[in-house]
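Coordinates in review
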Amino acid sequence: MESDVIVIGAGHNGLTCANYLAAKGLKVTVLEAAETVGGAAVTDEFLPGFRNSAASYTVSLLNPKVIRDLELERHGLKVVLRKTDNFLPGNGEYLLSGRNGLTRKEIARHSKKDAEGYDRYVADLEAVVALLKKWLLRAPPNVGARLSAIPKILTLGKDMAGLSLAETRVVHDFALRSATEVLERYFETDIVKALFGFDGVVGNFNSPNAPGSAYVLLHHLFGEAAGVPGAWGHAIGGMGSITQAMARSAREKGVDIVLGTRVEEIIVEKGKAAGVVAGGKAWRAATIVAGVNPKMLFDRLVPQGAVDPDVHSRMHHWKGESATFRMNVALSELPKFTVLPKKGDHLTAGIIMARALATCTRPGSTRSSMAGPRTRSSKC
Ligand SMILES: Cc1cc2nc3c(=O)[nH]c(=O)nc-3n(C[C@H](O)[C@H](O)[C@H](O)COP(=O)(O)OP(=O)(O)OC[C@H]3O[C@@H](n4cnc5c(N)ncnc54)[C@H](O)[C@@H]3O)c2cc1C
């Protein structure tokens, strides 16, 4: 039977989309190449007896509205907060971060001045994060629509106009500057800058010295976990429990999720997507939604010549390399760190191997070298 909508890919975005469309009464089919739903949000037994979130591992950016609308808790999702957020073991020192004043207390142990800088950093971030949260669930203005985009652009401008001059400066700084430039204004200690700098490079194939990387600091703060704004948590059962709950919610609404069925090509008729070829047959629908990487969509699934050559060329040359290397390791026992050898909550935290913002340190020095590639030591 034909569907109203075919969604390509049962990652969490494809499943979320399928849920909302089915809730509006549309007949939705999701075609997934893998034998399980989830994409990068999956739980896998990577070694007998060892189950883990095989790719993404920690939750915050899953919007609470989506959790509510899709009734994910009723479908089995439970998110808990981390006991300690991050643990940075350094050269004879360490730094922990977490809720209930832990981050400030730990920073103060390294530098009183940085603890005061932290108060300013948090206050400045709060102003910007509030603005971004306001924009998060609004569709961005469609710049191609020209005149009809103007009211939306004006609304964004109105929100900005409501900020003080100092707040506007903070917004500009976080939107345009590098993470290093911003962090050095608040902090002097290498390990403290490394703690926050980590948020500027996660999922961002860039140096913290690159202009624009300050935005990524913010990006990791405007979510929430277990109702706590800015916090990151763990899904009980791993990240796969999010997408399994989404799939259950979708199936309850009548969505047909077909696994092990890779879409080979999108059928285009009279300039419009009219179906897909998958599993050796044609599947037709009035609307085709792609829940896959956009570069893959335009390079491999949309037939040659179906879109404007300029659009195709732009998508073809779009850089989509990964900065992430993921390794799942089965350990016989918990790791022991010389700087904090006892067992404790730091072993439940994200363990960040970063002593400074720079990619290397001068040999024999505990100070970071902020030198660019030209002056870097060959030992880096
Ligand atoms: C290693 C790693 C760690 C990460 N860590 C975190 C983290 O801790 N927290 C966080 O919030 N985010 C994290 N992310 C990012 C997050 O996981 C992704 O942004 C998110 O999962 C993307 O979801 P998606 O639905 O857009 O795409 P995907 O998860 O990529 O889903 C796309 C789906 O489409 C399917 N597909 C592809 N091609 C076809 C085809 N031709 N036909 C049919 N199906 C197809 C794929 O099999 C897949 O299931 C991480 C990502 C990676 C890779």
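Every value quoted in this text rests on a predicted model; they were computed, and no experiment measured them. (Residues numbered from 1 in each chain as written. Predicted model: local features only at pLDDT ≥ 70, side-chain atom pairs only at ≥ 80, totals over all residues.)

Considerations on the packing of helix H1 (residues 12-23) against helix H10 (residues 240-252)
Viewed as axis vectors pointing N to C, H1 and H10 meet at an angle of 25 degrees, and their least axial separation amounts to 9 Å. One way to sum up the angle between H1 and H10 is to call them roughly parallel. In the crossing of H1 with H10, the sense of the turn from one axis to the other is left-handed. Side by side, H1 and H10 meet where His12, Leu15, Thr16, Ala18, Asn19 and Ala22 of the first sit next to Ile242, Thr243, Met246, Ala247, Ser249 and Ala250 of the second. (Axes fitted to C-alpha atoms, helices over the stretch in contact; angles between N-to-C directions. Helix = DSSP H or I, 4+ residues; strand = E, 2+ residues; numbered from the N terminus. Parallel < 35°, antiparallel > 145°, perpendicular 65-115°, else oblique. Left-handed = near helix turned anticlockwise from the far one by under 90°. Contact = placed C-beta atoms within 7 Å.)

Here we look at the domain arrangement of the chain
Annotation of the chain at the domain level lists domain 1 (3-81 + 236-316) and domain 2 (86-231 + 324-375). Look at where the C-alpha atoms of domain 1 and domain 2 centre, and you get two points 30 Å apart. Of the residues lining the interface, 14 residues belong to domain 1; the matching set on domain 2 comes to 10 residues. For the side of domain 1 that touches domain 2, the secondary-structure elements that each account for two or more residues are strand E3 (43-47), strand E4 (50-53), helix H2 (64-69) and strand E5 (79-81). If one sorts the elements of the side of domain 1 that touches domain 2 by residue count, E5 sits on top with three residues. Its residues placed into classes, the side of domain 1 that touches domain 2 shows 11 nonpolar, two polar and one charged. (Domains from an automatic or database assignment. Nonpolar A, V, L, I, M, F, W, Y, C, P; charged D, E, K, R; others polar.)

Comments concerning the site of the ligand
Taken together, the neighbourhood of the ligand is formed by 25 residues, with Gly9, Gly11, Gly39, Ala40 and Ser56 sitting nearest. When the residues that make up the shell around the ligand are grouped by side-chain class, the tally is 12 nonpolar, 10 polar and three charged. (Near = placed C-beta within 6 Å.)

Concerning the pairing of strand E13 (residues 272-278)
Note that strand E12 (residues 263-269) and E13 share six bridges and pair antiparallel. Its bridge partner being in E13, Ile266 is matched across the sheet by Val276. Where E13 hands over to strand E14 (residues 281-290), the hairpin turn is made up of two residues, of which Gly279 adopts a positive phi near 60 degrees. (Pairing = 2+ DSSP bridges.)

What about the sheet that holds strand E2 (residues 28-31)?
Strand order in the open sheet made by the six strands is E11-E2-E1-E14-E13-E12, with mixed pairing throughout. Looking at the sheet topology across the chains shown, the edges are occupied by strand E11 (256-258) and E12. Going from strand to strand, the sheet's axes swing by 40 degrees on average, the running direction of each strand aside. Bridge analysis of strand E1 (residues 3-8) against E14 gives five bridges, and the strand direction is parallel. Note on E14: the bridge partner recorded for Ile8 is Ala290. Packed on one face of the sheet, H1 meets E1, E2 and E14 and runs near 170 degrees to E2.

With respect to the sheet that holds strand E7 (residues 94-97)
Pairing is mixed across the open sheet formed by three strands, whose spatial order is E7-E6-E15. The sheet terminates laterally at E7 and strand E15 (350-351), the two strands that pair on one side only. With two bridges joining them, strand E6 (residues 86-89) and E15 adopt parallel strand pairing. Residue Phe87 lies in a different strand from E15, and its bridge partner there is Ile351.

As for the environment of Glu188
Note that Glu188 resides in the loop between helix H7 (179-186) and helix H8 (190-201). Ignoring sequence-local partners within four residues, the contact set of Glu188 consists of Ser111, Lys113 and Asp114.

Things to note about the pairing of E4
Pairing between E3 and E4: four bridges, direction antiparallel. Looking at the pairing, Thr43 lines up with Ser53 of E4.

Focus on the environment of Pro211
Take Pro211: it is sitting in the loop between H8 and helix H9 (213-219). The class for Pro211 is exposed, based on 12 C-beta atoms found within 10 Å. Along the chain, Pro211 and Asp85 lie 126 residues apart, while their C-alpha atoms are 27 Å from each other. Those residues in contact with Pro211, other than ones at most four positions away along the chain, are Leu176, Arg177 and Ser178. (Buried ≥ 20, exposed ≤ 12 C-beta atoms within 10 Å, placed from the backbone.)

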